[in-house]
Amino acid sequence: KAGVTQTPRYLIKTRGQQVTLSCSPISGHRSVSWYQQTPGQGLQFLFEYFSETQRNKGNFPGRFSGRQFSNSRSEMNVSTLELGDSALYLCASSLAQGLDTQYFGPGTRLTVL
Amino acid sequence: AQSVTQLGSHVSVSEGALVLLRCNYSSSVPPYLFWYVQYPNQGLQLLLKYTSAATLVKGINGFEAEFKKSETSFHLTKPSAHMSDAAEYFCAVSDLSGGSNYKLTFGKGTLLTVNP
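Novice: So what's going on with the overall build of chain B? Residues and values would help.
Specialist: Secondary structure summary: chain B contains zero helices and eleven strands in total. Ordering the α and β elements of chain B from the N terminus gives β-β-β-β-β-β-β-β-β-β-β. Taken over C-alpha atoms, the radius of gyration comes to 14 Å for chain B, in line with the 13 Å a tight globule of 116 residues would show. The C-alpha extent of chain B, read off along each of the three principal axes, is 45 × 30 × 20 Å. Counting the 116 residues in chain B, one finds 45% classified as buried. For chain B, the proportion of contacts with a sequence separation of at least 24, taken over those separated by at least 6, is 57%. Mean positive and mean negative side-chain charge positions of chain B (8 and 7 charges, respectively) differ by 6 Å.

Here it is, written out as structure tokens:
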């Protein structure tokens, strides 16, 4: 079974621009979570979607948003990029809800100049 | 609120030596605990997880971890380190307390170096 895929793998943007990252979960998985990884803050939870509904959200500004499609694929969007948004963005999928194990993709490395 | 503390941001061992990576958690309800490994330029790979069954959990690549409720610890061990174990290791917690059951809270990570 194919793992979690994320596109693109690398992205360079400038301040003020917006960006959209994509995540395709493992086949049959209905939950998708997003995490931001930076050297200073470590791994931080952004949000989680299940059946196209956001069920939980971390402490990030409204510039960070996401959505999930009927096929469970998910996108996250960051508007008005800031230098501090440079990070590795990781997507994880799990079968359903609750405490199912989360399986991570390789991440998208975003650099904001 | 749940939290995870990993003692030691960097651990260095010799090949063949015991690996011990420390993790302490805080949770108001019985937790689920995880260890993930991250190799350079890659995502996180699940090593093992504790879900309130056996307190000694065996994972992949010869790693195991023991849940000790009295010490709120979930330390990761491997009897004999291999060069390929060099990576960053993350301990994470999740529980069923309101609003947190769909997310993992991670520790800051421990970078493991294995010397020949």
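Novice: Just give me the short version of the overall build of chain A, but keep the residues and values in it.
Specialist: Looking only at helices and strands, one finds zero helices and eleven strands in chain A. Mapped in sequence order, the helices and strands of chain A form the string β-β-β-β-β-β-β-β-β-β-β. Against the globule reference of 13 Å for 113 residues, chain A gives a C-alpha radius of gyration of 13 Å, in line with a compact fold. Put simply, chain A shows about 5,200 Å² of open surface, and 48% of that area lies on carbon and sulfur atoms. Separation of charge centres in chain A, based on 11 positive and 6 negative side chains, amounts to 5 Å.

Novice: Before we move on, could you go through the pairing of strand 9 (residues 87-94) of chain A and cite the residues and values that matter?
Specialist: Residue and element names in this part refer to chain A. Along strand 9, eight of the eight residues are buried, which leaves the element largely enclosed by surrounding structure. With seven bridges connecting them, strand 4 (residues 31-38) and strand 9 associate as antiparallel partners. Paired with V32 across the strands is S93, a residue of strand 9.

Novice: Pulling in residues and values, what's your account of empty space enclosed by the protein?
Specialist: In the structure shown here, the tally under the stated rule is two cavities of 30 Å³ or more. Looking at the second largest cavity, its volume works out to about 50 Å³. In terms of lining residues, the second largest cavity is bounded by R9, Y10, L88, P106, G107 and R109 of chain A together with N41 of chain B. Partitioning the lining of the second largest cavity into residue classes produces three nonpolar, two polar and two charged.

Novice: Quick rundown of the pattern of salt bridges? Include the residues and the values.
Specialist: Residues and elements named next belong to chain A. What the rule picks out here adds up to seven salt bridges over all chains. Between D85 and R63 there is a salt bridge; the shortest N-O distance is 2.8 Å. Here the residue D85 occupies a position in the loop between strand 8 (74-78) and strand 9, and R63 occupies one in the loop between strand 6 (53-57) and strand 7 (64-68), the gap between them amounting to 22 residues. With its nearest N and O atoms 3.3 Å apart, the salt bridge here joins E75 to R67. Residue classification places E75 among the buried positions, given a relative accessible area of 16%. Residue classification places R67 among the partly exposed residues on the basis of a relative accessible area of 46%. Among the charged side chains, a salt-bridge network with shared partners connects R63, E82 and D85.

Novice: How would you summarise the environment of L111 of chain B if you had to cite specific residues and measurements?
Specialist: All names here are of chain B. With respect to the helices and strands, the residue L111 is situated in strand 11 (residues 110-115). Spatially, the C-alpha atoms of L111 and S12 are 8.3 Å apart, while their sequence positions differ by 99 residues. Excluding anything up to four places from it in sequence, L111 contacts S9, H10, V11, A87 and E88.

Novice: Please give an account of the state of the cysteines that cites residues and values.
Specialist: Simply put, the disulfide is a covalent bond whose two ends are the sulfur atoms of two cysteines. Under the defined criterion, the tally for this structure stands at two disulfides over all chains. Paired by a disulfide, C23 of chain A and C91 of chain A hold their sulfur atoms 1.7 Å apart. Classification of the bridge connecting C23 of chain A and C91 of chain A rests on its S-S torsion, roughly -55°, and on that basis the disulfide is left-handed. Separated by 68 residues along the polypeptide, C23 of chain A in strand 3 (residues 19-24) and C91 of chain A in strand 9 bring together distant segments of the chain. Each member of the pair, C23 of chain A together with C91 of chain A, is buried. Here C23 of chain B is linked by a disulfide to C91 of chain B, with a sulfur-sulfur distance of 2.0 Å. As the torsion about the S-S bond is roughly -65°, the C23 of chain B-C91 of chain B disulfide counts as left-handed. Here C23 of chain B is found in strand 3 (residues 19-26), whereas its partner C91 of chain B is found in strand 9 (residues 87-94), with 68 residues between them in sequence. In terms of burial, C23 of chain B and C91 of chain B fall into one category: buried.

Rules used in this analysis
- The residue numbers shown here count from 1 along each chain, following its written sequence.
- Each chain is given a letter, starting from A, and each ligand a number, starting from 1, according to the order in which they appear as written.
- Per-residue local features of the predicted model are confined to residues with pLDDT of at least 70, and side-chain atom pairs are confined, for both listing and counting, to 80 or more; whole-chain, interface and lining totals are unaffected and use all residues.
- Hydrogens and waters are ignored; side-chain quantities use all the structure's heavy atoms.
- Note on conventions: DSSP H or I runs of at least 4 residues are helices, E runs of at least 2 residues are strands, and numbering of each starts at the N terminus.
- For this measure, only C-alpha atoms enter the radius of gyration; the expected value for a globule follows 2.2 Å times N^0.38, where N is the number of residues.
- A simple rule labels every residue: compare its accessible area, found with a 1.4 Å probe on the protein chains alone, to the largest value its type can have, and call it buried under 20%, exposed over 50%, or partly exposed in between.
- Contacts between residues were defined by any pair of non-hydrogen atoms, one from each residue, lying within 4.5 Å.
- Charged-residue counts in this description rest on Lys and Arg as positive and Asp and Glu as negative, His and the chain ends being excluded.
- Throughout, a charge is located at the NZ atom of Lys, the CZ atom of Arg, the CG atom of Asp or the CD atom of Glu.
- With residues, only the protein chains shown are counted as cover, and all accessible areas are computed by Shrake-Rupley using a 1.4 Å probe.
- We call two strands paired when DSSP finds no fewer than two bridges between them.
- A 1.4 Å probe that fits but cannot get out identifies a cavity on a 1 Å grid over protein atoms alone, an open set with protein on both sides within 12 Å along at least five of seven lines counts as a pocket, and a residue lines either if it has an atom within 4 Å of a point.
- Grid points are joined across faces, edges and corners, and a volume is the space filled by probe spheres set on the points.
- Residues are grouped as follows: Ala, Val, Leu, Ile, Met, Phe, Trp, Tyr, Cys and Pro are nonpolar; Asp, Glu, Lys and Arg are charged; every other residue, Gly included, is polar.
- Salt bridges, as used here, are contacts in which a Lys or Arg side-chain nitrogen is within 4 Å of a carboxyl oxygen on Asp or Glu.
- Only a pair of cysteine sulfur atoms within 2.5 Å qualifies as a disulfide here.

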